[in-house]
Structure formats: C-alpha cells, structure tokens
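Per-entry structural report
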Amino acid sequence: MNADKIPVPAQPEVLLHCLMDIAEALLAVGAEVNRVEDTLTRMGTAYGAVRMNAFVITSSIVVTMTLPSGRDITQTRRILTPGGTDFTVLEALNDLSRRCCADPIPLDELRREVAQITAEAPKPLLVYLGSALAAGSCALFFGGSMTDGLVAALFGLVICRLQRHFGPQCPNRLVFNLLSALAVGISITLCAFFLPELHADKILIGDIMLLIPGLAMTNAVRDTMVGSPISGAMRLIETLLWAGALAMGFMSAFLLMGGIGL
Amino acid sequence: MIVQLLTSFTGALGFCLVFHLRRRYMFAASLGGLLTCGVYLAAASIWSGILLPTLTAAAFAALYAEFLAWFMGAPATLFLIPALLIPLVPGRPLYYAMYYAVQQDMDLSADFARQTALYALGIALGASLVWALADMRRHLKQNGFGN
C-alpha cells in the first residue's frame, strides 16, 4: 500500500530473513496459520515488496518476495518444535507488525525489537500458579469436592513441572502426552485408593484439561473454516493424534491399576 | 450453578497465567469464561441436548473475543481460548468414554464418545459462524464498504 513511498531496504535478503523470524516466532507462540501468512504478506508489502507469496503450515514456512526490480527472493524455514502458547509474545508481535505496516521502522530497529519480544519468558512461578488454579477450578467445575480441587491443583503443579522439564526431553508431543497421561493417571488412582474420600474421576478430569491441546485444536478448526483448509487439516490431524495419545495414556493407567485390583 | 460460574472465572484466570497473557487483559479474558458459562447454562435450560447449547455458548465466546479484540486492539485468540476452555471443552465425556471403554462397557463408552464429538462439533460450528462473519466484515471494510 505504501510501495511507492517506501524504498526497499538495501539488503532485501536480510529483511526477508527478519520477516521469517517473526513468522517462526508467531507459529511458536500459538498464532493461527492464517495470521502468520497475513502478517508476512502485509509486512513485506509495507517494506516495499511488489508481491508476497507466503505459504505457511505448522511445520514449514515458504515465502517468495518479489522486489520492484522484478527480482524474486525465496526463503524457507523448517519448523521443528510443535509450538507452545505465549499470548504476551503473540500480542507484542502483532502490535509490532501493525505499527510497521502503518509506518515501517528501520530494519536494524525491527530486528532488535523482534529479538527483544521473543526473549520475554513468563515467570515460572506464575505458570505453576496458573496450572494449579486451572486444574483445581476444573475439578470443582465438574462437581468435585473442595479436597478434590486441592488434589487436582497439586497434580496441576506436577503436570506443569512435566510440561516444562520432561516435555523437551521427549521425541515429540505424542510421546509426551502418552507418558504424562500414564504417569498422572497412575498417581491419581493410587492417591484415591489410599484416600477413599477423593473422587479420582473429578481430579482426573480437572487435570486432563491442562493436557488437552485446546489452543492448537481451536486454531486447527479456525484455519480449516476461515483460513487455509490444507494447513488447518494438517494441524487438526496432529491435535487429534495428541488427544488420542492422551486417551491411550489414561486408558493404560486404568488398565494397569484395574489389573492390580485398585 | 454459582460454583460453576465462579470456577469458570478462576479456571480461565489460571489458563491466562499458563498462557502468559498480559495482566491488563486478564480480567476481561477471565470474565469471558464466566459469561460463556452463564450463556451455556442459560441455553441448556432452554434446549435439551448438547449441540445447541454448546453452539450458542461458543458463538457467544467468539463474539465476545472479537468485540474485545476490536475494543482493545489485540488478537481475538487472547480472549477466546480462556473463555472457551473451561465451560465447553469436553474433558468430562472424554474421560468417561475412556473409563467405560476400559471397563468393557462399550455402550456407555460409545455414548460418552458421541457426547464428546457433539461438544467438539458445537464449539467448531458456533465459533466458525462468528469467525466467518467477522472475516467478511473485515473484508468489506477493507474494500471500502460500511465501517
């Protein structure tokens, strides 16, 4: 839209590399595929590209930028991490891209801002607190007693610990979901065996909510319905597999505990 | 019912913390959880079954998120996810479907699996409806129609 006013940066490759960094960071914090493609296209155009061809799926980014001189530059990025959720980074990157589309900032400044935004990590204490609060609330929501809520909150802390430290060691999210559901299922069933006043089902339901890939599923549906159905379908399959692994983990836990008479 | 409303607020707040939402959006996002739960309970008292109440509540959550996104100038996802997760995501039927499958009670298991699917379908349909309309509104605006 500002193509005639904004000169293309002297090093278009560096610009595109920086845009790829933004796109990768957006995918990593839970942005919809559509939003990532849109951000790439708008920012590229704002910085003087004549045409942006952005193709994004959750595991890869491919962009070809056409410069006013007619030259095409293509860069690709393979995304290996399944991506988590960080709404602060998502919002900050979104805000940065809006500002840049309205009034492009110099490339050096853009790179500095991106590095600054992506370096901002949540405070561990607050994440633990959030997990406990969410799991406890869910257990109460589904009809658990106050004690059930407290136990679910305690296991929420355990799940948070697993997600932060055990997750990165697992080959992928599927294995992580399977193993953590198994571990949590066994521990909660044991707890309920020794403390009969607990309702294992309510506690488990509360803690399942922390493991269900809610954001990824919502994004998958959103991408399928109002974005790019191909990327959406890919993510949908992925999230269904994650949820399936979760179910398998819990079912194995029930089978094991049932087998030894608990 | 009051317990459900309260816990959907605190639960949404918990997810806001887990998802590292900025503090200035937290109250609005958590309130979304409470309101969505309220809409679900109200809709469930009008219509029986799962699909229609879930669809209505999900549509409400998406509408609330789009409104806040416009009002606060932030992506709608920030407000949608906390609002949707607790009251609507079918953790309960999913759990019982697994539980009864292991207990070899396939009829009950299938029934809960069907419920899980209905919740998921309701969320998808309700939210997509609002997303499609919001998307069309944005396109119309970009092309210079209305405001």
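What you see is a predicted model, and the numbers here were worked out from it, not measured in a lab. (Residues numbered from 1 in each chain as written. Chains lettered and ligands numbered in written order. Predicted model: local features only at pLDDT ≥ 70, side-chain atom pairs only at ≥ 80, totals over all residues. Heavy atoms only, no water.)

The next thing to look at is the layout of surface pockets. There is about 1,200 Å³ of room inside the second largest pocket. Residue lining of the second largest pocket: 34 residues in total, with A:R35, A:D38, A:R42, A:R98 and B:R138 positioned closest to the centre. The element that contributes the greatest number of residues to the lining of the second largest pocket is helix 6 (residues 106–142) of chain B, accounting for 10 residues. For the lining of the second largest pocket, a count of residues per class yields 13 nonpolar, 8 polar and 13 charged. (1 Å grid on protein atoms, 1.4 Å probe; cavity = no way out; pocket = protein on both sides within 12 Å on 5 of 7 lines; lining within 4 Å. Points joined across faces, edges and corners; volume = space filled by probe spheres on them. Helix = DSSP H or I, 4+ residues; strand = E, 2+ residues; numbered from the N terminus. Nonpolar A, V, L, I, M, F, W, Y, C, P; charged D, E, K, R; others polar.)

Turning our attention to the environment of A:V56. Secondary-structure assignment places A:V56 in strand 1 (residues 51–57). Ignoring sequence-local partners within four residues, the contact set of A:V56 consists of A:L27, A:V33, A:V36, A:E37, A:L40, A:I61 and A:S231. (Contact = heavy atoms within 4.5 Å.)

Attention shifts here to the pairing of strand 1 of chain A. Residues and elements named next belong to chain A. Pairing of strand 1 with strand 2 (residues 60–66), which is carried by 7 bridges, proceeds in the antiparallel orientation. Note that in strand 2 the partner of V56 across the bridge is I61. Hairpin connection between strand 1 and strand 2: a loop of 2 residues separates the two successive antiparallel strands. (Pairing = 2+ DSSP bridges.)

To continue, consider the UniProt feature "transmembrane region" (unreviewed entry) in chain B. All names here are of chain B. In this structure's numbering, the residues bearing the UniProt feature "transmembrane region" (unreviewed entry) are residues 38–60, 67–89 and 116–134. Here residues 38–60 runs as 83% helix and 0% strand, with 10 Å between its end C-alpha atoms. The span residues 67–89 is 78% helical and 0% strand by assignment, and the distance between its end C-alpha atoms comes to 22 Å. (UniProt positions renumbered as here; feature names shortened; annotations may be inferred.)

This paragraph deals with the state of the cysteines. Residue and element names in this part refer to chain A. A full pass over the atoms with the stated rule returns 0 disulfides over all chains. In this model C18 remains outside any disulfide bridge; the closest cysteine sulfur is found in C100, 8.5 Å from its own. Looking at C18, the relative accessible area reads 2%, which means it is buried. Not engaged in a disulfide, the cysteine C191 finds its nearest cysteine sulfur in C160; these two sulfurs lie 18 Å apart. Owing to a relative accessible area of 26%, C191 belongs among the partly exposed residues under this scheme. (Disulfide = S-S within 2.5 Å. Buried < 20%, exposed > 50% of the residue type's maximum accessible area, 1.4 Å probe, protein only.)

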